[in-house]
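Examining the three-dimensional arrangement
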Amino acid sequence: MARELSLLLVGATGAVGQAVLRQALAEKRITRIVAPTRRPLEAGFAGNPRLLNPVIDFARLPEEAVWWKVDAVVCTLGTTIKVAGSQAAFAAVDRDLPIAFARLAREAGATRYALNSSLGASARGSFYLRTKAEAEQGIIDLGFASTTIVRPSLIDTERQDARLGEQAGLLFARVLRPLIPRRYRAVSPEVIAAALLRGVLDGRPGTTAVESDAL
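Residues numbered from 1 in each chain as written. Predicted model: local features only at pLDDT ≥ 70, side-chain atom pairs only at ≥ 80, totals over all residues. Heavy atoms only, no water.

Attention now goes to the side chain of Asn116. Looking at where Asn116 falls in the secondary structure, it is placed in strand S5 (residues 112-116). The contacts of Asn116, once residues within four sequence positions are left out, are Val16, Cys75, Thr76, Lys132, Val150, Pro152, Ile155, Ile192 and Leu196. (Helix = DSSP H or I, 4+ residues; strand = E, 2+ residues; numbered from the N terminus. Contact = heavy atoms within 4.5 Å.)

Structure follows, in structure tokens:
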């Protein structure tokens, strides 16, 4: 049985992050959850004695904050180039911030890290996939005792900022699911969240990559 853990959750306002938060709050082995956000979490999470929700400026991470001292980190940060406004701004969210959070938590004593990445992350891929691969490598290089990389395909969730093509793709992914190879099927936030939490709770030594067809 996994030992009890304190957890830093990065990206708690997104679809996967919210699923992680709900599952972590239901997991008795997780004794404390720190979920820094740009804006306060929804009222439904307020008042839980196991949850700390510091509202911070992600452009100026509070390096001296006492809440960096946790056992494990789950990072679900992610955006799109359209929302971010440029490739540089996208990379700042999807690569630089996950690594910055990892470094500060690692320096404070964290030994486990789980990252929500992407199917096909590769140094030889598109800008998006290269950025994801760079985030993975940057975190691996920090030397956590246990690192879990989850690489889901399309996330099966409704986005307020979704483009028409994304909405159509998700619709087809749902309708044609039985015909789509497992590796490319849309994956629910809840399934991804479970894999991320399992990674930090199990704490398997070294680096473990969980591909989409294993979710």
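On to the sheet that holds strand S2 (residues 30-34), then. Read across the sheet, seven strands follow the order S3-S2-S1-S4-S5-S6-S7 without closing on themselves; strand pairing throughout is parallel. The outermost strands of the open sheet, each flanked by one partner alone, are strand S3 (51-52) and strand S7 (206-211). Bridge count for strand S1 (residues 5-10) against strand S4 (residues 72-75) is four bridges, and the pairing is parallel. Counted as the bridge partner of Val10 is Cys75 from S4. (Pairing = 2+ DSSP bridges.)

This part takes up the packing of helix H3 (residues 87-107) against helix H4 (residues 127-140). Between H3 and H4, the shortest axis-to-axis distance is 9 Å and the interhelical angle comes to 15 degrees. The orientation of H3 with respect to H4, classified from their angle, is roughly parallel. Between H3 and H4 the crossing geometry is right-handed. Taken together, the residues of H4 that come into contact with H3 (itself represented by Gln87, Phe90, Ala91, Asp94, Arg95, Pro98, Ile99 and Ala102) are Phe127, Tyr128, Thr131, Lys132, Glu134, Ala135, Gly138 and Ile139. Class assignment for the residues of the contact of H3 with H4 results in nine nonpolar, three polar and four charged. (Axes fitted to C-alpha atoms, helices over the stretch in contact; angles between N-to-C directions. Parallel < 35°, antiparallel > 145°, perpendicular 65-115°, else oblique. Left-handed = near helix turned anticlockwise from the far one by under 90°. Nonpolar A, V, L, I, M, F, W, Y, C, P; charged D, E, K, R; others polar.)

Sheet topology places S1 next to S2; four bridges connect them, and they run parallel. Bridged to Leu5 within S2 is Ile30. Each parallel crossover has a hand, and for S1 linked through helix H1 (residues 15-26) to S2 it is right-handed. Judged from the two bridges that link them, S2 and S3 form a sheet pairing that is parallel. Looking at the pairing, Val34 lines up with Leu52 of S3. (Right-handed = clockwise from strand over helix to strand, strands pointing away.)

Attention now moves to the packing of aromatic side chains. Inspection of the entire model under this criterion finds six aromatic pairs. Ring-pair connections join several aromatic residues into one group, and the members of that group are Phe58, Trp67, Trp68 and Phe101. In this arrangement the basic side chain of Arg38 is found over the ring face of Phe58, its NZ or CZ atom lying 4.2 Å from the centre. Taking NZ or CZ as reference, Arg106 lies 5.6 Å from the ring centre of Phe144, over its face. (Phe/Tyr/Trp six-rings, centres within 6.5 Å; stacked < 30°, edge-to-face > 60°. Lys NZ or Arg CZ within 6 Å of the ring centre and 35° of its normal.)

With that settled, the discussion passes to H1. In a regular helix each residue adds 1.5 Å, so twelve residues correspond to 16 Å; H1 covers 17 Å between its end C-alpha atoms and thus fits that length. On its buried face, H1 sits against S1, S2, S3, S4, S5 and helix H6 (189-202). (Expected span 1.5 Å × (residues − 1).)

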